[in-house]
Amino acid sequence: QVQLVESGGGLVQAGGSLRLSCAASGLTFNNYGMGWFRQAPGKEREFIAAVSWGGGRTYYADSVKGRFTISRDNAKNTVYLQMNSLKPEDTAVYHCAATPSIATIKTRVSDYDYWGQGTQVTVSS
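All of these numbers come straight from a predicted model, not from anything done at the bench. (Residues numbered from 1 in each chain as written. Predicted model: local features only at pLDDT ≥ 70, side-chain atom pairs only at ≥ 80, totals over all residues. Heavy atoms only, no water.)

(A) Just the state of the cysteines, in detail. All told, the structure shown has one disulfide when counted by the stated rule. A sulfur-sulfur separation of 1.9 Å characterises the disulfide bridge that pairs Cys 22 with Cys 96. Disulfide Cys 22 to Cys 96: torsion about the S-S bond roughly 50 degrees, handedness right-handed. Taken together, the residues span a long stretch of sequence, with Cys 22 in strand β3 (residues 18-25) and Cys 96 in strand β9 (residues 92-99) at a distance of 74 residues. Comparing Cys 22 with Cys 96 shows no difference in burial state: the two are buried. (Disulfide = S-S within 2.5 Å. Helix = DSSP H or I, 4+ residues; strand = E, 2+ residues; numbered from the N terminus. Buried < 20%, exposed > 50% of the residue type's maximum accessible area, 1.4 Å probe, protein only.)

Structure representation (structure tokens):
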């Protein structure tokens, strides 16, 4: 049974930082590309960042480029999202996800097979 469990969310003031973690189990972690998505109330789930199976390639949505950094530790079966310079519009539930695609970076929700339950990030102004 595949499980993805996010942690690290919380309440932070604008300009602050948070580091999200996503611990994976039940899958061969380095056979999967990993991504982070977020969903604000009343909005569709949107792509934030992705990292290739080995960690050598990353890709970001324009809205977070230069502020967020995705990384992974295959020895710990964990993917991270370092979020700096947070803005109120970053407020959302953040989900990690796993895709069997290792050749190319994927950005669509439909490309990901496994999802975590999410962790709430709230940025106050």
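(B) Highlighting the nonpolar core. Counting 34 residues, the largest nonpolar core has Met 34, Trp 36, Val 79, Leu 81, Met 83 and Tyr 94 as its most contacted members. Put simply, the parts of the chain that give this core at least two residues each are β3, β4 (33-39), β5 (46-51), β7 (68-73), β8 (78-83), β9 and β11 (119-124). In contact with Met 34, other than residues within four places in its own chain, are Leu 4, Cys 22, Phe 29, Ala 49, Ala 50, Val 51, Ile 70, Arg 72, Val 79, Ala 97, Ala 98 and Tyr 112. (Core = buried A, V, L, I, M, F, W, Y, C linked by side-chain atoms within 4.5 Å. Contact = heavy atoms within 4.5 Å.)

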